[in-house]
Amino acid sequence: MKVTFLGTGTSQGVPFIGCDCAVCTSPDARNNRLRTSVLIQSDTTTVVIDSGPDFRQQMLRQGVKKLDAIVFTHGHKDHVAGMDDVRAFNFHDQKAMQVYADLQTQEVLKREFQYVFQNLNYPGIPQVDLNTIDGYNSFKINDLEFLPIRVLHYKMEVLGFRIGDFTYITDANYIELEEMNKAKGSKGLVLNALRYQDHPSHFTLPQAIDVATAIGANDAYFTHISHQLGLHNEVEKTLPQGMHLAYDGLSLEF
Ligand SMILES: [Zn+2]
Ligand SMILES: [Zn+2]
Ligand SMILES: [Zn+2]
């Protein structure tokens, strides 16, 4: 299984519009971060977790020609805004995109993309089949098995996923022990790490390091990064062994 980071930036992306800070103007491409999303590819199956506002650009940049499903973590705009662009896959495959989301996220999708769910048969609108994730049971997309991990994002429940040896958690600031245990033994673990200063709904980098240490994966990768965290290569040098900042385009094999 191959995992590719399509985006590793927080909701505004990096660079942040109008910002002249050292990160936003850095010539190092690792400081350019599209909105957070990840591509999972097995021999037979291609899945993206979240389709934020940069979904179209991410599909083009990564050269994705076939997509079997979109799995959503939660309904915030930076994770769902690009769903309209499944139209390209609808056109090529002549079928609806399989979308996996819990009921809370489905409600958001139906509100934000009201025209998709009206059954108007208007030509060219996105075609989407909703599949319900219940948060407590694993589900399969062809040969890929997803185990949901329920985390808290301030007061909102967000889904992380364990797929074999890989665990992906974004937009969390608290994880119960029982849910944390589901990630134990992963070879690769992704956690969100916004910046150094406290935030009500996101782990800071020191908090993410603590959680990664408690889970104890071989390698941990931090994502959903703000320009406020600092320059990629400088922050990377400060991290404990086996911990890394993710960057757009980084690929891992499991
Ligand atoms: Zn987010
Ligand atoms: Zn900046
Ligand atoms: Zn969020």
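Residues numbered from 1 in each chain as written. Chains lettered and ligands numbered in written order. Predicted model: local features only at pLDDT ≥ 70, side-chain atom pairs only at ≥ 80, totals over all residues. Heavy atoms only, no water.

Trainee: What is the right way to look at the environment of D85 in this model?
Mentor: Examined against the element boundaries, D85 turns out to sit in the loop between α2 (77-80) and α3 (87-93). Spatially, the C-alpha atom of D85 lies 23 Å from that of L144, the residues being 59 residues apart in sequence. If we ignore the near neighbours within four places in the chain, the residues touching D85 are F55 and R56. (Helix = DSSP H or I, 4+ residues; strand = E, 2+ residues; numbered from the N terminus. Contact = heavy atoms within 4.5 Å.)

Trainee: I tried to follow the nonpolar core on my own but got confused; where do I start?
Mentor: Side chains of a nonpolar character, in soluble globular proteins, are inclined to be buried together. Counting residues in each nonpolar core, the largest one holds 28 residues, and the members touching the most others are I175, L191, L205, F222 and L245. Considering every element that reaches this core, the biggest residue donor is helix α6 (residues 205-215), with six residues. When sequence neighbours within four positions are dropped, the list of residues in contact with I175 reads V151, I169, M180, L191, F203 and V211. Counting residues in each nonpolar core, the second largest holds 24 residues, with Y100, I133, L144 and L250 among its members. (Core = buried A, V, L, I, M, F, W, Y, C linked by side-chain atoms within 4.5 Å. Buried < 20%, exposed > 50% of the residue type's maximum accessible area, 1.4 Å probe, protein only.)

Trainee: Teacher, can you tell me more about the coordination of the zinc ion (ligand 1) here?
Mentor: Around a metal, the idealised angle for a tetrahedral arrangement of four donor atoms is 109.5 degrees; for an octahedral arrangement of six donor atoms it is 90 or 180 degrees. For the zinc ion (ligand 1), the full set of protein donor atoms is D78 (OD), H79 (NE2), D171 (OD) and H224 (NE2), at a range of 2.1 to 2.3 Å. Each of the four donor atoms bound to the zinc ion (ligand 1) contributes to angles spanning 91 to 160 degrees, and the resulting shape is irregular. (Donors = N, O, S within 2.8 Å, 3.2 Å for Na, K, Ca; no water. Tetrahedral: all angles 85-135°; square planar, octahedral: opposite > 155°, others 65-115°.)

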